[in-house]
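If you want the building blocks of each chain, they are given just below.
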Amino acid sequence: MIKVGIVGGTGYTGVELLRILIQHPEVKITTITSRNESGMDVAELFASLRGHIDLKFSDPSGSALDQCDLVFFATPNGIAMQQAEALLDAGVKIIDLAADFRIKDIAEWEKWYGMQHACPELVASAVYGLPEINRAEIKSACLVANPGCYPTAVQLGFLPVVEMGIVDTNHLIADVKSGVSGAGRKAEVHTLLAEASDNFKAYGVPGHRHHPEIRQGLTRVAGKPVELTFVPHLVPMIRGIHATLYARLTKKRKIDLQAIYEERFATEAFVDVLPAGKHPETRTVRGSNICRIAVHRPQNSDTVVILSVTDNLVKGAAGQAVQNMNIMFGFPETLGISQIPLIP
Ligand SMILES: NC(=O)C1=CN([C@@H]2O[C@H](COP(=O)(O)OP(=O)(O)OC[C@H]3O[C@@H](n4cnc5c(N)ncnc54)[C@H](OP(=O)(O)O)[C@@H]3O)[C@@H](O)[C@H]2O)C=CC1
Ligand SMILES: CC(=O)N[C@@H](CCC(=O)OP(=O)(O)O)C(=O)O
């Protein structure tokens, strides 16, 4: 049994961590923080958790996080990096759901996140927490950078063809849609019901902070620099990411893409490759840690179209964080995260 703290327990990813960890047999949640709700019973704010948790939110400044075995940061960017060094020195492992440790190039990170990095020396030792690529490194990591929601769906979708070197990695295209919970629980005009519902828009086309993260990951997989066009969209649903990915085969060849995808993910508990010709739907992964993928080659041309769906709050955030925790602490990788998706 390990003692776990959550910083940022009132946000969407924080409460999703709670929902999962409450039922995890190897975890005791000892601390859960919120500055705004400090002193309030967790189950009073989240009635869904009534009868399952007997903890109050505490202010992060007065919380005994250094007594934990593991602390999850489910906070805005730029918070974990201020406390990471002290916690690591106290022997506490860290999983950051934000982006503080995801990008190795500090100048690039500072450009996209608009702040100075507080502990650049720790970034080099942080492990990028995408288990399907980095499982061995995650096992021995003390500091894990949990991937972003868009980068998870995009990297898993492209992984088999980029790994095999059979597509032109100078011209990858990722056309991706996100549900509104991707923007977090904080009040913002663009996520109001009257703004986000009955509407559909792209954003961040000139540049989005997930672009360098995806490029960094796929560059590592390809073993050479990768160029990518990434266009995120906001769709009027609550949870879900749908990535439509395009890549060109380098040679007009006879190739069994379906077999390649099935083989690559055969041993991955959380990646499901659909039978040929199918189309994954976001609602088939809601509330689960699953990434569901389909691969197509329309008109038998040299363009490969990959469809990849996840729940942004689970495989795109809290579920993947718990998957990383399981790997770091030597628990079975699927422990506590085998929830069947909601139907409908
Ligand atoms: N939503 C999503 O789908 C995904 C989000 N992420 C990332 O995970 C992180 C959390 O996201 P999300 O849950 O959506 O965010 P929310 O805005 O929903 O929640 C943020 C949480 O952090 C707390 N917080 C805010 N400022 C501070 C601070 N200065 N110090 C300590 N705690 C603070 C807030 O509580 P209080 O203000 O009361 O302290 C709140 O509990 C973000 O970095 C986000 O980018 C990653 C993948 C997917
Ligand atoms: C719909 C929406 O607004 N999405 C967010 C990204 C979601 C997210 O969680 O960002 P990280 O994974 O980097 O933490 C955005 O585009 O900024």
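Residues numbered from 1 in each chain as written. Chains lettered and ligands numbered in written order. Predicted model: local features only at pLDDT ≥ 70, side-chain atom pairs only at ≥ 80, totals over all residues.

Q: Hey, could you go over the overall build of the protein chain for me, with residue numbers and the actual values?
A: When you go through the protein chain residue by residue, the secondary structure sums to 11 helices and 13 strands. Taken across its 344 residues, the protein chain has 46% of its residues classed as buried. In the protein chain, once contacts between residues fewer than 6 apart in sequence are set aside, the share between residues at least 24 apart is 70%. (Helix = DSSP H or I, 4+ residues; strand = E, 2+ residues; numbered from the N terminus. Buried ≥ 20, exposed ≤ 12 C-beta atoms within 10 Å, placed from the backbone. Contact = placed C-beta atoms within 7 Å.)

Q: Go over the site of ligand 1, please, and point to the residues and values.
A: Surrounding ligand 1, one finds 31 residues, the nearest of these being Gly8, Gly11, Ala98, Gly184 and Arg185. If you list the elements that add at least two residues to the shell around ligand 1, you get helix H1 (12-21) and helix H11 (314-328). Counting residues per element, the shell around ligand 1 draws most heavily on H1, which supplies 3 residues. In terms of residue class, the shell around ligand 1 is built from 11 nonpolar, 16 polar and 4 charged. A domain-level breakdown of the shell around ligand 1 finds at least three residues from each of domain 1 (2-125) and domain 2 (150-312). (Near = placed C-beta within 6 Å. Nonpolar A, V, L, I, M, F, W, Y, C, P; charged D, E, K, R; others polar. Domains from an automatic or database assignment.)

Q: Before we move on, could you go through the UniProt feature "domain: Semialdehyde dehydrogenase NAD-binding" (unreviewed entry) in the protein chain and cite the residues and values that matter?
A: UniProt records the feature "domain: Semialdehyde dehydrogenase NAD-binding" (unreviewed entry) for residues 3-141 in the present numbering. From the first C-alpha to the last, residues 3-141 spans 17 Å; its make-up is 34% helix and 16% strand. (UniProt positions renumbered as here; feature names shortened; annotations may be inferred.)

Q: Please give an account of the domain arrangement of the protein chain that cites residues and values.
A: Here the domain parsing of the protein chain yields domain 1 (2-125) and domain 2 (150-312). Considering every element that reaches the side of domain 1 that touches domain 2, the biggest residue donor is helix H4 (residues 106-113), with 3 residues. Taken together, the residues of the side of domain 1 that touches domain 2 break down into 5 nonpolar, 1 polar and 3 charged.

Q: Summarise the pairing of strand E10 (residues 241-248); cite the residues concerned and give the values.
A: Both strand E7 (residues 172-178) and E10 contribute to a ladder of 6 bridges, which runs antiparallel. Bridge pairing in E10 links Val176 to Ala243. (Pairing = 2+ DSSP bridges.)

Q: Residues and numbers for the site of ligand 2, please.
A: Around ligand 2, the structure places Ala98, Ala99, Gly148, Cys149, Ser178, Gly182, Ala183, His210, Pro232 and Leu234. Taken together, the residues that form the shell around ligand 2 break down as 6 nonpolar, 4 polar and no charged.

Q: Pulling in residues and values, what's your account of the UniProt feature "active site" (unreviewed entry) in the protein chain?
A: As annotated in UniProt, the feature "active site" (unreviewed entry) corresponds to Cys149 in the numbering used here. Setting aside residues no more than four positions away along its own chain, Cys149 makes contact with Ser178, Gly182, Ile241, Asn312, Gly316 and Ala317.

Q: So, unusual backbone geometry: which residues are in play, and what are the values?
A: Here Ile343 and Pro344 are connected by a cis peptide whose omega angle stands at -5°. Counting through the fold element by element, Pro344 comes out in the segment after H11. At Asn300, a position not held by glycine, the phi torsion is positive, near 55°. Tracing the backbone through its elements, the reader meets Asn300 in the loop between strand E12 (291-296) and strand E13 (303-310).

Q: Explain the packing of helix H7 (residues 149-163) against H11 to me, and be specific about the residues and the numbers.
A: Running from N to C, H7 and H11 point in directions that differ by 100°, and their axes come no closer than 8 Å. Overall, the two elements H7 and H11 adopt an arrangement that is roughly perpendicular. The residues of H11 that touch H7, namely those facing Cys149, Thr152 and Ala153, are Lys315, Gly316, Ala317 and Gln320. Of the residues in the contact of H7 with H11, the class split is 3 nonpolar, 3 polar and 1 charged. (Axes fitted to C-alpha atoms, helices over the stretch in contact; angles between N-to-C directions. Parallel < 35°, antiparallel > 145°, perpendicular 65-115°, else oblique.)

Q: Describe in detail the sheet that holds strand E4 (residues 93-96), supporting the description with residues and values.
A: Strand order across the open sheet formed by 6 strands is E2-E1-E3-E4-E6-E5, with parallel pairing between neighbours. Each end of this open sheet is capped by a strand with a single partner; those strands are strand E2 (27-33) and strand E5 (127-128). Sheet strands in contact with helix H3 (residues 80-89) are strand E3 (70-73), E4 and strand E6 (143-145), and its direction is about 165° off that of E4.

Q: Before we move on, can you summarise the nonpolar core with the specific residues and values?
A: Inside soluble globular proteins, nonpolar side chains tend to come together where they are buried. The biggest cluster of nonpolar side chains holds 88 residues, and the ones touching the most others in it are Val71, Phe158 and Ile293. In terms of residue count, the dominant contributor to this core is H7 (9 residues). Composition of this core by domain shows at least three residues from each of domain 1 (2-125) and domain 2 (150-312). Among residues more than four places away in sequence, those in contact with Phe158 are Leu172, Leu218, Leu245, Ala247 and Ile306. (Core = buried A, V, L, I, M, F, W, Y, C linked by C-beta atoms within 7 Å.)

Q: Which residues make up the environment of Ser48, and what values go with them?
A: With respect to the helices and strands, the residue Ser48 is situated in the loop between helix H2 (42-45) and E3. By C-beta crowding, Ser48 is classed as exposed, having 10 other C-beta atoms within 10 Å. Placed 12 residues apart in sequence, Ser48 and Asn36 show a C-alpha to C-alpha distance of 20 Å.

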